[in-house]
Amino acid sequence: MIDRLRRVLRVARWEVARAGGGVDRRTLAAALALVLVAGAVLGGGLAVGAVGLDVDRDVYRVAVDGDSPYADAVEAAPALTHVPVDGAALGDTADLVVLDRRSGSGGVETVAVRAGDTRKGEAAAAEFREAVEAHNERLMAAEENATAAFPVTVTLRYVGRTSALDDGPTLGEGGDSDDGGSGDGSGGGSGSGDGDGTDAATGDTATDDAASNAGSGGGGLAVPSVGGGTFGADTVGSPGSISPPFPFVSLLLAFVFLVPMNFIIQAYGSSVLDERTNRRGEPLLVTPLSPVDIVAGKTLPYVAAALLVTTLIAVAVGGGALSVVAVLPVALAFLGATFVGAMFARSFKELTFVTVGVSVLLTTYAFVPAVFTNVTPVALVSPLTLVVFDLQGEAVSAGEALFSTAPMSLGAALLFGLGLGVYREEDMFTQKPVARKLLDALAVRLSAVEDAGLGDLADRRRLRALGSVAFLTACAIPFVFVAELLAVATLFALPVTVSIPVLLVTIAFVEEVAKSVHLYAGFERGVFARTDRVAVAVGLASAVGFFLAEKATAVVQAVGLTELYVGRAAFGSVAGVEGLPPVVLAALLFAPLVLHGLATTVAAVGASRDRTRYALTLALATLIHAAYNFGVVSLHG
């Protein structure tokens, strides 16, 4: 073990030296200068408040007197820009005009608000109304006598969504909120607007009086910002202003972890492909080093770079060790998929398409489910959900962490294993099509299966060969699981009448491909004899391997994924079996084995003929599997 570690580190040092030698000092200095300039500009903008997360800053111009009680509300709203009311022309220099009518004592008697008769004018009026309401709530929140400011207490309890068919709350799960008061809505202002538009001499449409007053006196509660506070929903405010727990800012910060991955995989993929196209990797192949040692050594510096960048980002955004642990499987999956792409690609042009596809697919898988954090258990599909929880300071159980990180970790390991299947001279330095290299990578993991009679079924060598088929099928389970989870996360928000049929057919196709594509590779590469008996044997072995590995997906119940209607459709074999008789349980347990055996055997027989018949039998196997899924959902859903 120590000797292997030394060999890996030696290759890693060589990779660092080779990669570092490809960047001259002038380029490095220019890149460093660019980073320093960008950092200085961003830091200066943040320091003076010119740069921030307000994407709608200074959108609408509001003409209001500086002495008006509404001036403070306008100044506090990022989207509103205060302009002088004197000489303001509605629709030209102002989108909204606020006119105060003062009484003889100097107080505000009535207020008229005029907006342009355009969509922008209407939007400005709506933004102004929200600004006034927020200002009133801030005033009430500043009152020392909280009981007088908030005579009514409101307690919120977010309930987890259990089904797309439920009529109950669907905002997400969480603990009871802090007690929040609601005022009487008056805001204690010093006047009310007439809203009748009588002053609109220019013919522009007059709006209401901003729905509330911004005068002195009274108290209020702060309206939550988008996403509610920094890392979650505000739980204090009037009932109309309390927002559900949507972690907007946390999601943005979690996405920052994915950005450096794109640069790291570009460098990694280019290094692997450069060794192939320029035959620089040939000297390594003739050394005593194994392909595993070589690939591990070449990958280690990029894993270390990803880990370092992830740690720095976590420290910068206030994350902890959980964020680093959650992002590491994502980085490994990025690198594993890039390694396979670099081993299959025939040129840097093809590698560019591969890296872009990898980036889009893995970013979608990692980010989209995390959008539903605090809303549905589907969010735990993504490791970034753990990052959001970490930034929110929420506790995460070991089971939830394992559920989020295990699929991508296993998928990354299997991707590296797939690429290692073609890490040899006959594949590395030849211009084979991608499909042929994929078949080579699968076939190299299989053992020969010759035709034999019934008396030879128990032959040890034959059983070992069939065991390799079952093992390779079982290794496909993480990819199947990820694909099915992604399908659930994508379709769960659609109407059930649309999502369930599409989901069931998609799941059937994904599973049938996973069970049969390596069988086709075995027949195409001559590893399996092209006979019906061999096709049946390898088909049944693949079905058994898939069935045994599939039972591991029972972990989905630990995190409540099967509480979703589409979750039960995708993982019905492990959902809703409590309280059933033993005979029924046994039938439900082994019914999938019968299904897999039948469907995979059909596809294997077609694979033993040619590509066209394999495609036809694969479609037939998918239909059989989908029909079974429909039956299970109808009777057991």
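These numbers come from a predicted model, not from an experiment.

> Even after reading the chapter, I still don't get the overall build of the chain, so can you show me in this structure?
Regarding its fold elements, the chain presents 22 helices and seven strands. When the 637 residues of the chain are sorted by exposure, 45% land in the buried category. Once local pairs closer than 6 in sequence are excluded, the contacts in the chain between residues at least 24 apart make up 70%. As presented, the chain carries roughly 30100 Å² of accessible surface, and 63% of it is formed by carbon and sulfur atoms.

> What am I meant to see in the nonpolar core here?
Nonpolar side chains in soluble globular proteins generally cluster together in the buried interior. Among the nonpolar cores identified, the biggest contains 90 residues, and Phe528 and Val538 are the most heavily contacted of them. Considering each element in turn, this core owes the most residues, 14 residues, to helix α10 (residues 321–344). When sequence neighbours within four positions are dropped, the list of residues in contact with Val538 reads Val449, Leu466, Val469, Leu519, Phe523 and Phe528. Residues Tyr60, Tyr70, Val111 and Ala131 belong to the second largest nonpolar core, which totals 20 residues.

> Mind showing me how you'd approach the packing of aromatic side chains here?
Aromatic rings in a pair are described by how distant their centres are and how their planes are angled relative to each other. Under the definition given, this model contains six aromatic pairs. Ring geometry for Tyr70 against Phe128: centres 5.7 Å apart, planes inclined by 40 degrees, an arrangement best described as tilted. Taken together, the residues Tyr70 in helix α3 (residues 70–76) and Phe128 in helix α4 (residues 119–141) connect sequence positions 58 residues apart. The same class applies to Tyr70 and to Phe128, which are both buried. Between Tyr520 and Tyr614, the aromatic rings sit 5.0 Å apart at their centres with planes inclined by 10 degrees, giving stacked as the arrangement.

> Honestly, the environment of Tyr302 in this entry has me stumped. Any pointers?
Tracing the sequence through the fold places Tyr302 in helix α9 (residues 291–317). With a relative accessible area of 9%, Tyr302 lands in the buried category. In the structure, Tyr302 is positioned 41 residues away from Met261 in sequence and 9.7 Å away in space, judged by C-alpha atoms. Setting aside anything within four residues of it in sequence, one finds Tyr302 in contact with Glu15, Ala19, Ile264, Ala267, Tyr268, Ser271 and Leu335.

> Would you mind going over the packing of α10 against helix α12 (residues 384–392) with me for this structure?
Two packed helices can be described by the angle between their axes and the distance between those axes. The contact between α10 and α12 brings their axes to 8 Å, and the two run at 170 degrees. The orientation of α10 with respect to α12, classified from their angle, is roughly antiparallel. Between α10, through Leu322, Ser323, Ala326 and Val327, and α12, the contact on the second element is made entirely by Leu386, Val387 and Asp390. Classifying every residue of the contact of α10 with α12 by side-chain character gives five nonpolar, one polar and one charged.

> Please clarify how the pattern of salt bridges should be interpreted in this entry.
If you walk through the whole model with that rule in mind, you get 12 salt bridges. Close ionic contact of Asp440 with Arg525 constitutes a salt bridge, the shortest N to O distance being 2.5 Å. Taken together, the residues Asp440 in helix α15 (residues 434–443) and Arg525 in the loop between α18 (496–524) and α19 (532–550) connect sequence positions 85 residues apart. On the accessibility criterion, Asp440 (7% relative accessible area) is buried. A salt bridge links Arg530 to Glu524, with the shortest nitrogen-to-oxygen separation between them at 3.2 Å. The network of salt bridges with shared partners includes Arg4, Arg7 and Asp293.

> Would you mind showing me how to read the environment of Leu351 here?
Turning to its location among the elements, Leu351 is positioned in helix α11 (residues 348–367). Classification of Leu351 as buried rests on a relative accessible area of 4%. In this structure the C-alpha to C-alpha distance between Leu351 and Gln266, which are 85 residues apart in sequence, comes to 9.0 Å.

> Honestly, α11 in this entry has me stumped. Any pointers?
Each turn of an α-helix holds 3.6 residues, which means side chains three or four residues apart point in the same direction. Between the first and last C-alpha of α11 there are 28 Å, a value that for 20 residues agrees with the 28 Å anticipated at 1.5 Å per step. Buried within α11 are the following residues: Leu351, Thr355, Val358, Ser359, Leu362, Thr363, Tyr365 and Ala366. Relative to the axis of α11, the buried residues are bounded by an arc of 160 degrees and lie together on one face. Exposed and facing more than 90 degrees away from the buried side of α11 are Lys349, Phe353, Val360 and Leu361.

> Sorry, what's going on with the packing of α10 against helix α13 (residues 398–420) here?
For the pair α10 and α13, interaxial distance at closest approach is 8 Å and the crossing angle is 25 degrees. Considering their axes alone, α10 and α13 lie roughly parallel with respect to each other. When you trace α10 past α13, the crossing you get is left-handed. Counted together, Val325, Ala326, Pro329, Val330, Leu332, Ala333, Leu335, Gly336, Ala337, Phe339, Val340 and Met343 of α10 and Thr405, Met408, Ser409, Ala412, Leu415, Phe416, Leu418, Gly419 and Leu420 of α13 form the full contact between these two elements. The residue inventory of the contact of α10 with α13, partitioned by class, reads 17 nonpolar, four polar and no charged.

> Is there a simple way to explain the side chain of Arg276 in this structure?
Here Arg276 shows up in helix α7 (residues 259–277). Despite its burial, Arg276 pairs with no opposite charge; the closest candidate is Glu350, at 7.3 Å N-O. Within polar-contact distance, the side chain of Arg276 engages the backbone oxygen of Ala342 at 2.6 Å. Ignoring any residue separated from it by four or fewer positions in sequence, one finds Arg276 in contact with Ala342, Met343, Phe344, Ala345, Asp427, Met428, Phe429, Thr430 and Lys437.

> Honestly, the environment of Val371 in this entry has me stumped. Any pointers?
Among the structural elements, Val371 can be located in the loop between α11 and α12. Taking relative accessible area as the criterion, Val371 reaches 25% and is therefore assigned partly exposed. In the structure, Val371 is positioned 11 residues away from Ser382 in sequence and 9.6 Å away in space, judged by C-alpha atoms.

> Is there a simple way to think about the confidence of the model for the chain in this case?
On average, the chain scores 74 in pLDDT, and the residues at 70 or more come to 70%. Note on residues 162–235: pLDDT under 50 across the span, and 204 contacts to partners over four residues away in sequence or across chains.

> For this particular structure, what's the right way to read α18?
Compared with the 42 Å implied by 1.5 Å per residue over 29 residues, the 41 Å span of α18 between its first and last C-alpha is a close match. Helix geometry: α18 is bent most strongly at Ser516, by close to 30 degrees. Backbone geometry just after α18 places Gly526 at a positive phi near 75 degrees.

> Would you mind going over a nonpolar patch on the surface with me for this structure?
A contiguous nonpolar patch, built from Leu5, Leu9 and Leu300 and spanning about 240 Å² of accessible area, is present on the exposed surface. Its location among the elements puts Leu5 in helix α1 (residues 2–21).

> I keep staring at the pairing of strand β1 (residues 60–64) and nothing clicks. Help me out?
Where a strand is regular, its side chains alternate between the two sheet faces. Most of β1 is tucked away, with four of its five residues classed as buried. The pairing of β1 with strand β2 (residues 80–83) spans four bridges and is parallel. Paired with Val62 across the bridge in β2 is His82.

Cut-offs and rules
Residues numbered from 1 in each chain as written. Predicted model: local features only at pLDDT ≥ 70, side-chain atom pairs only at ≥ 80, totals over all residues. Heavy atoms only, no water. Helix = DSSP H or I, 4+ residues; strand = E, 2+ residues; numbered from the N terminus. Buried < 20%, exposed > 50% of the residue type's maximum accessible area, 1.4 Å probe, protein only. Contact = heavy atoms within 4.5 Å. Areas by Shrake-Rupley, 256 points an atom, 1.4 Å probe, with all protein chains shown as cover. Core = buried A, V, L, I, M, F, W, Y, C linked by side-chain atoms within 4.5 Å. Phe/Tyr/Trp six-rings, centres within 6.5 Å; stacked < 30°, edge-to-face > 60°. Axes fitted to C-alpha atoms, helices over the stretch in contact; angles between N-to-C directions. Parallel < 35°, antiparallel > 145°, perpendicular 65-115°, else oblique. Nonpolar A, V, L, I, M, F, W, Y, C, P; charged D, E, K, R; others polar. Salt bridge = Lys/Arg side-chain N within 4 Å of Asp/Glu carboxyl O. Expected span 1.5 Å × (residues − 1). Arc of directions from axis to C-beta. Left-handed = near helix turned anticlockwise from the far one by under 90°. Lys, Arg positive; Asp, Glu negative; His and termini not counted. Polar contact = N/O pair within 3.5 Å; in protein donor to acceptor, adjacent residues only side chain to side chain. pLDDT = per-residue confidence, 0-100. Bend = angle between axes of the 7 residues up to and from the residue. Patch = residues over 30% accessible without salt bridge, like charges linked within 9 Å, V, L, I, M, F, W, Y side chains within 5 Å. Pairing = 2+ DSSP bridges.

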